[in-house]
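# Examination of the molecular architecture
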Amino acid sequence: QSVLTQPPSASGTPGQRVTISCSGSSSNIGSNTVNWYQQLPGTAPKLLIYSNNQRPSGVPDRFSGSKSGTSASLAISGLQSEDEADYYCAAWDDSLTVVFGGGTKLTVL
Amino acid sequence: EVQLVESGGGLVQPGGSLRLSCAASGFTFSSYSMNWVRQAPGKGLEWVSYISTSGSTIYYADSVRGRFTISRDNAKNSLFLQMNSLRDEDTAVYYCARDTAYGDSDPNYFDYWGQGTLVTVSS
């Protein structure tokens, strides 16, 4: 059971906008920033969003992040087939550990 | 180009030990904190351990505390994970990941990851 809660799956058609939620508590998301990682099939994870809503260089602006209270969201607009991947949220927890969500498998229909 | 290359994985019996290494290149290793993150087959990501630039700040996941030891050699641009008393549930791909945290502060976010090394614990 992961400390951060994500839906196990999400889906959308090309061009659509999809959102993935990440729910935590006051000890993690509520008091620290949220980061998102993308893991394409058979590859290592890659940083997608950091500090709640910042995109690293090279990440398309179709990807955006937000945080409110003890929850965070990742939004992907203009969905493309290459966005099919697993997405993980993560945050520092006041228990002195990094916590991850269980991951959301995104399917592009 | 930032590169992180893990090695040292393999098959080990329950109760055994293994030492993982992560060779870093393309950046000033001594200026970055580092992490180990693992992924069991078909499962999600699980953070394992963190070490600050000087090694003075170290954190572990509850699942490995007391059994695993993280360390680094800044002169050799290398990160290590000594794993003792291995259990079946430690079977996973182990990734090293660079952290953007400054100095001896707490973990921030992981901006570069290696390709991982597979550890299989089985009799």
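Data block above holds the structure.
Now for a quick tour of the structure. Keep in mind that what you see is a predicted model, and the values were worked out from it rather than measured.

Scanning chain B from N- to C-terminus turns up zero helices and eleven strands. Relative to its length of 123 residues, chain B is compact, with a C-alpha radius of gyration of 13 Å against a globular reference of 14 Å. With respect to the principal axes defined by its C-alpha atoms, chain B has extents near 40 × 25 × 25 Å. Intrachain contacts of chain B at a sequence separation of at least 6 include 56% that bridge at least 24 residues. In chain B, the 9 positive side-chain charges and the 12 negative ones have mean positions that sit 4 Å from each other.

Tallied over the entire structure, the rule returns one cavity of 30 Å³ or more. Reported here for the largest cavity is a volume of approximately 60 Å³. Lining the largest cavity we find Asn 35, Tyr 37, Ala 90, Ala 91, Trp 92 and Val 98 of chain A together with Pro 107, Asn 108, Tyr 109 and Phe 110 of chain B. Breaking the lining of the largest cavity down by element, the ones donating at least two residues are β3 (34-39) and β7 (85-93) of chain A. At three residues, the largest contribution of residues to the lining of the largest cavity is made by β7 of chain A. Partitioned by chemical class, the residues of the lining of the largest cavity number eight nonpolar, two polar and no charged.

With that settled, the discussion passes to the sheet that holds strand β3 (residues 18-25) of chain B. All names here are of chain B. If you trace the four strands from one edge of the open sheet to the other, you get β1-β3-β8-β7, paired in antiparallel fashion. Of all the strands in the sheet, the pair left with one neighbour each is β1 (3-7) and β7 (68-73). Across the sheet, the mean angle from the axis of one strand to that of its neighbour is 15°, orientation sign disregarded. Direction of pairing for β7 relative to strand β8 (residues 78-83): antiparallel, over a ladder of six bridges. Counterpart to Ser 71 in the pairing with β8 is Phe 80.

Glancing now at the environment of Arg 65 of chain B. Summarising the element assignment, Arg 65 of chain B is placed in the loop between β6 (58-60) and β7. Through-space distance from the C-alpha of Arg 65 of chain B to that of Ser 49 of chain B is 8.9 Å; in sequence the pair is 16 residues apart. Leaving out residues up to four positions away in the same chain, Arg 65 of chain B has contacts with Thr 97 of chain A together with Tyr 60 of chain B. Side-chain polar atoms of Arg 65 of chain B contact the backbone oxygen of Tyr 60 of chain B, separated by 2.6 Å.

Quick look at the pattern of salt bridges now. All names here are of chain B. If you walk through the whole model with that rule in mind, you get six salt bridges over all chains. The partner of Asp 90 in a salt bridge is Arg 38, and the shortest N-O contact between them spans 2.9 Å. Of the two residues, Asp 90 sits in the loop between β8 and β9 (92-99) while Arg 38 sits in strand β4 (residues 33-39), which places them 52 residues apart along the sequence. Residue Asp 90 is classed as buried on the basis of its relative accessible area of 0%. The partner of Asp 111 in a salt bridge is Arg 98, and the shortest N-O contact between them spans 2.7 Å. Here Arg 98 lies in strand β9 and Asp 111 lies in strand β10 (residues 110-113), a separation of 13 residues in the sequence. Given a relative accessible area of 19%, Asp 111 falls into the buried group. Here the residues in one salt-bridge network are Arg 38, Glu 46, Arg 67 and Asp 90, joined through shared partners.

Next up on the list: the interface of chain A and chain B. With 17 residues of chain A in contact, the opposing surface of chain B contributes 21 residues. Of the roughly 1,500 Å² buried at the junction of chain A and chain B (both faces included), carbon and sulfur atoms supply 66%. In this assembly, chain A and chain B are joined by zero salt bridges. The interface formed by chain A and chain B includes five residue pairs in polar contact (both at pLDDT 80 or more). At the level of secondary structure, the elements contributing two or more residues to the side of chain A that touches chain B comprise β3, β7 and β8 (97-100) of chain A.

The rules behind each value
- Residues numbered from 1 in each chain as written.
- Chains lettered and ligands numbered in written order.
- Predicted model: local features only at pLDDT ≥ 70, side-chain atom pairs only at ≥ 80, totals over all residues.
- Heavy atoms only, no water.
- Helix = DSSP H or I, 4+ residues; strand = E, 2+ residues; numbered from the N terminus.
- Rg over C-alpha atoms; globule rule 2.2 N^0.38 Å.
- Contact = heavy atoms within 4.5 Å.
- Lys, Arg positive; Asp, Glu negative; His and termini not counted.
- Charge placed at Lys NZ, Arg CZ, Asp CG, Glu CD.
- 1 Å grid on protein atoms, 1.4 Å probe; cavity = no way out; pocket = protein on both sides within 12 Å on 5 of 7 lines; lining within 4 Å.
- Points joined across faces, edges and corners; volume = space filled by probe spheres on them.
- Nonpolar A, V, L, I, M, F, W, Y, C, P; charged D, E, K, R; others polar.
- Pairing = 2+ DSSP bridges.
- Axes fitted to C-alpha atoms, helices over the stretch in contact; angles between N-to-C directions.
- Polar contact = N/O pair within 3.5 Å; in protein donor to acceptor, adjacent residues only side chain to side chain.
- Salt bridge = Lys/Arg side-chain N within 4 Å of Asp/Glu carboxyl O.
- Buried < 20%, exposed > 50% of the residue type's maximum accessible area, 1.4 Å probe, protein only.
- Buried area = accessible area lost by both parts, 1.4 Å probe.

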